[in-house]
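Here's the letter readout for the chains.
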Amino acid sequence: MSTIRFEKVVKEFAGMVRPALNGIDLTVDSGQFIVLLGPSGCGKTTLLKMVNRLHEPTSGDILIDDQSIYNGMDVIHLRRKIGYVIQQTGLFPHMTVEENISIVPNLMKWPEEKTKSRVDELLDMVALPPNEFRERYPAQMSGGQQQRVGVARALAGDPDLILMDEPFGAIDAITRTDLQDSLLKLQRQLRKTILFVTHDVDEALRLADKIAILREGQLVQYGTPLQILTQPNDDFVSELVGADDIVRQLGQIRVETIMEPLLDGGPIKQTIYQDESLRVALSDLVKSKQDFLTVVDSGKQPLGTITYDNIRNSVG
Amino acid sequence: MDLAFTTWEYAIGHLDELRQATTDHLILVTISLVISVVICIPLGVWTSRSWRKSKAIINAVNGLRVIPSLAILFLLVPYMGVGLDTAIIALTILAMPPILVNTDAAFRTINPAIKEAAAGMGMTKKQILRKIEFPLALPIILTGIRTASTEVIASATLAAFIGSGGLGLYIQRGYAMYQLSILFVGAIPIALLVLASEALLSSLQRAVQSYKSV
Ligand SMILES: Nc1ncnc2c1ncn2[C@@H]1O[C@H](COP(=O)(O)OP(=O)(O)O)[C@@H](O)[C@H]1O
Ligand SMILES: [Mg+2]
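Here the structure is a predicted model, which is why all the values come from computation and not from measurement.

1. As for the overall build of chain A
Part 1 of the reasoning: Summing up its helical and strand segments, chain A has 14 helices and 14 strands in all.
Part 2 of the reasoning: In terms of overall size, chain A behaves like a compact globule, its C-alpha atoms giving a radius of gyration of 21 Å where 316 residues would be expected to give roughly 20 Å.
Part 3 of the reasoning: Each principal axis of the C-alpha distribution contributes one length, and for chain A these read about 60 × 50 × 35 Å.
Part 4 of the reasoning: Taking the intrachain contacts of chain A between residues at least 6 apart in sequence as the baseline, contacts between residues at least 24 apart amount to 64%.
Part 5 of the reasoning: Entry remark: accessible area of chain A is about 14200 Å², with carbon and sulfur atoms responsible for 47%.
Part 6 of the reasoning: Each charge class in chain A can be summarised by its mean position, and for the 34 positive and 44 negative side chains these summaries are 2 Å apart.

2. Regarding the pairing of strand β1 (residues 4-11) of chain A
All names here are of chain A.
Part 1 of the reasoning: Bridging between β1 and strand β4 (residues 59-64) involves five bridges; their strand directions are antiparallel. From the neighbouring strand, glutamate 7 faces β4, where its bridge partner is aspartate 61.
Part 2 of the reasoning: Of the pairings in the sheet, the one linking β1 to strand β2 (residues 21-28) comprises six bridges and is antiparallel in character. If you follow valine 10 over to β2, its bridge partner there is asparagine 22.

3. Re the interface of chain A and chain B
Many descriptions give the size of an interface as the accessible area lost when the pieces come together.
Part 1 of the reasoning: With 24 residues of chain A at the interface, the matching set in chain B holds 20 residues.
Part 2 of the reasoning: Of the roughly 1900 Å² buried where chain A meets chain B, counting both sides, 70% is carbon and sulfur surface.
Part 3 of the reasoning: Where chain A meets chain B, there are one salt bridge.
Part 4 of the reasoning: Taking the shortest distance from any N to any O, the salt bridge between Glu116(B) and Lys49(A) comes out at 2.6 Å.

4. Comments concerning the site of ligand 1
Residues and elements named next belong to chain A.
Part 1 of the reasoning: Contacts to ligand 1 come from Phe13, Met16, Ala20, Pro39, Ser40, Gly41, Cys42, Gly43, Lys44, Thr45 and Thr46.
Part 2 of the reasoning: In the environment of ligand 1, an oxygen atom lies 3.0 Å from a nitrogen or oxygen atom belonging to the backbone of glycine 43.
Part 3 of the reasoning: With respect to ligand 1, the side chain of threonine 46 contributes an N or O atom lying 2.5 Å from an oxygen atom.
Part 4 of the reasoning: Within the complex, the protein chains bury 62% of what would otherwise be the 560 Å² of accessible surface of ligand 1.
Part 5 of the reasoning: The residue makeup of the shell around ligand 1, split by class, is five nonpolar, five polar and one charged.

5. Some words on a positive patch on the surface
Part 1 of the reasoning: A cluster of basic residues, Lys109(A), Lys126(B), Arg130(B) and Lys131(B), forms a positive patch at the surface.
Part 2 of the reasoning: For Lys126(B), the position within the fold is in helix α7 (residues 125-155).
Part 3 of the reasoning: A relative accessible area of 66% places Lys126(B) in the exposed class.

6. So, the domain arrangement of chain A
Residues and elements named next belong to chain A.
Part 1 of the reasoning: For chain A, the domain assignment lists domain 1 (4-248) and domain 2 (251-314).
Part 2 of the reasoning: One C-alpha centre belongs to domain 1, the other to domain 2, and the line joining them spans 29 Å.
Part 3 of the reasoning: Contacts between the two partners involve 14 residues from domain 1, matched on the other side by 12 residues from domain 2.
Part 4 of the reasoning: Interface of domain 1 and domain 2: buried area, both sides summed, is about 1100 Å²; carbon and sulfur atoms make up 48% of it.
Part 5 of the reasoning: It is Arg188, Arg206 and Leu226 that lose the most area in domain 1 upon contact with domain 2, and together they represent 42% of the buried surface on that side.
Part 6 of the reasoning: Between the two partners, domain 1 and domain 2, sit two salt bridges.
Part 7 of the reasoning: The closest approach of N and O atoms between glutamate 256 and arginine 188, which form a salt bridge, is 2.9 Å.
Part 8 of the reasoning: Remark: the boundary between domain 1 and domain 2 carries eight residue pairs in polar contact (both at pLDDT 80 or more).
Part 9 of the reasoning: Among the secondary structure elements, those contributing two or more residues to the side of domain 1 that touches domain 2 are α8 (173-190), α9 (201-207), α10 (225-230) and α12 (246-252).

7. Focus: the sheet that holds β2(A)
Residue and element names in this part refer to chain A.
Part 1 of the reasoning: Strands sit in the order β2-β1-β4-β5 across an open sheet of four strands; the sheet is antiparallel. Looking at the sheet topology across the chains shown, the edges are occupied by β2 and β5 (67-68).
Part 2 of the reasoning: Of the strands in this sheet, β1, β2 and β4 are in contact with helix α1 (residues 44-51), which crosses β1 at around 120 degrees.

8. What to know about the sheet that holds strand β9 (residues 210-215) of chain A
Residues and elements named next belong to chain A.
Part 1 of the reasoning: Read from one edge to the other, the open sheet built from six strands follows the order β6-β7-β8-β3-β9-β10, with strand pairing classed as mixed. In the strand order of this sheet, the two ends are held by β6 (82-85) and β10 (218-223), each with one partner. Averaged over all pairs of adjacent strands, the angle between their axes in this sheet comes to 15 degrees, without regard to strand direction.
Part 2 of the reasoning: Across the face of the sheet, α1 comes into contact with β3 (33-37), β6, β7 (161-165), β8 (193-198) and β9 while running at roughly 150 degrees to β7.

9. Thoughts on the packing of aromatic side chains
Part 1 of the reasoning: Inspection of every chain in the model, using the stated rule, returns four aromatic pairs over all chains.
Part 2 of the reasoning: Note on Tyr137(A) and Tyr211(B): the rings are 6.1 Å apart at their centroids and 45 degrees apart in plane angle, and the pair reads as tilted. Of this pair, Tyr137(A) sits in the loop between α6 (130-133) and α7 (143-155) while Tyr211(B) sits in the segment after α9 (180-208), each in a different chain.
Part 3 of the reasoning: The buried category is assigned to Tyr211(B), whose relative accessible area is 6%.
Part 4 of the reasoning: Taken together, the ring pairs in this structure connect Phe33(A), Phe168(A) and Phe196(A) into an aromatic cluster.
Part 5 of the reasoning: Its end group placed over the ring of Trp110(A), Lys114(A) keeps NZ or CZ at 4.1 Å from the ring centre.
Part 6 of the reasoning: Against the face of Trp51(B) rests Arg108(B), its NZ or CZ located 5.1 Å from the ring centre.

10. Points about a nonpolar patch on the surface
Residues and elements named next belong to chain B.
Part 1 of the reasoning: Residues Leu3, Leu180, Phe184, Ile188, Leu192 and Leu195 make up a contiguous nonpolar surface patch of roughly 540 Å² in combined accessible area.
Part 2 of the reasoning: Considering every element that reaches the nonpolar patch, the biggest residue donor is α9, with five residues.
Part 3 of the reasoning: Looking at where leucine 195 falls in the secondary structure, it is placed in helix α9.
Part 4 of the reasoning: Judged by its relative accessible area of 56%, leucine 195 falls in the exposed class.

Here is what the cut-offs are and how they apply
- Residues numbered from 1 in each chain as written.
- Chains lettered and ligands numbered in written order.
- Predicted model: local features only at pLDDT ≥ 70, side-chain atom pairs only at ≥ 80, totals over all residues.
- Heavy atoms only, no water.
- Helix = DSSP H or I, 4+ residues; strand = E, 2+ residues; numbered from the N terminus.
- Rg over C-alpha atoms; globule rule 2.2 N^0.38 Å.
- Contact = heavy atoms within 4.5 Å.
- Areas by Shrake-Rupley, 256 points an atom, 1.4 Å probe, with all protein chains shown as cover.
- Lys, Arg positive; Asp, Glu negative; His and termini not counted.
- Charge placed at Lys NZ, Arg CZ, Asp CG, Glu CD.
- Pairing = 2+ DSSP bridges.
- Buried area = accessible area lost by both parts, 1.4 Å probe.
- Salt bridge = Lys/Arg side-chain N within 4 Å of Asp/Glu carboxyl O.
- Near = heavy atom within 4 Å.
- Polar contact = N/O pair within 3.5 Å; in protein donor to acceptor, adjacent residues only side chain to side chain.
- Nonpolar A, V, L, I, M, F, W, Y, C, P; charged D, E, K, R; others polar.
- Patch = residues over 30% accessible without salt bridge, like charges linked within 9 Å, V, L, I, M, F, W, Y side chains within 5 Å.
- Buried < 20%, exposed > 50% of the residue type's maximum accessible area, 1.4 Å probe, protein only.
- Domains from an automatic or database assignment.
- Axes fitted to C-alpha atoms, helices over the stretch in contact; angles between N-to-C directions.
- Phe/Tyr/Trp six-rings, centres within 6.5 Å; stacked < 30°, edge-to-face > 60°.
- Lys NZ or Arg CZ within 6 Å of the ring centre and 35° of its normal.

Okay, structure coming up:
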């Protein structure tokens, strides 16, 4: 459980002409993957860092599970219960993978055995074989592997809430897609509340349950990727996400977000994985000459169906 | 060949004295280095926290560096008289700049993102200092200690001139008696001590930053 509520959050930095954040109201439901999206300098990082109190608001309030994080909550305690991932520089270079991941468990004084098995469990979870990676230093790993360790480290204390600030920002495009896939899978198992900052529109559309679009310190739209693409609030949003480019939209929306729930006993012919894009679905429909595809999860279990009509109705 | 032989003979003939002089030399060097480290590491951490302090201290210290060690020593004598404490203070002043400057730089240049990640994970300021900043700064601090150590071992020679013993004894004596061999009895162990301290500190340095080059 972890809901977050931002109430009229304002942040002014000394010497800035306008507030970095100007009255943000935002509610995040428990277990949702929320992406904060917007051009550089719009206040995404500032908003994120307020949740673990690396920044304090000038005015307004932030509540986690309906409790203000500023009233009588110990800041160190708060931070240990929130996972935090930044670009790969955030790993401690003088510590092995195991030591990096063990930080929060050690801070929380877990018994050694429990920490050890937790490290292995987490490494498995992020697809890094523990025996091969436990003893490595960050410098001995690729950027993508480092970032997996970053994610594992954030999960170590089993927090309900995870903050991620452009975690895949410095990673090449192919590896990045890989990491996004892994994160989606992981989130499907764990159902954490995730606040994820990016300025990459494709990344936002792929990952988010809901996207919060910021512009110059203000929230301009908050909705599902589909809503953002098909009903942009204004020209700024429309331009930012490329809302009039239908091919692009098809390429970014996951099949599972528009599929119809499964009707019992229907035949299964052609299947498609739930994280594939509508573009792949469309192409599969054409190629297979079927009227519908059965959407399946990673265990090949059917989840729903998708048809030409579903796709046509979903895009503007 | 002749010189080597007379040097050797002189050393053998004064073995006990030589041993004592080497010990004195080492004690002088160690005490000065330890005092410098104890003063300069906390001071460097403190100055590294603000640009103004940092700049002020670096300028002051670089000013100090302009004064040659010999001058420091003899500047102190009128105030403190001759003796061991005068030598130690002079050598400490000499050792401080490289340690202080390097500590300041080491802490100031740690990637702020790393510190922020640590804070964001719920480490206290003290824990960040001890577990993150200090280990990351250590290789650069050790470089400073290495420089200081070489300087102090060489300069401790001058302590003999103000009656504080050490290997400078032989330099002083050899100089007074116009005997090169006696001079060498002091100079060779000093060179060896410099090499030994270089070797020791550089292997220590390699050990504490093994994570970088693997
Ligand atoms: N510590 C700070 N001091 C002063 N200004 C800051 C600070 N952090 C951020 N800002 C300013 O606040 C605005 C928002 O920054 P940020 O939240 O980092 O943007 P984003 O993450 O969306 O790129 C920017 O104009 C930035 O210059
Ligand atoms: Mg940012």
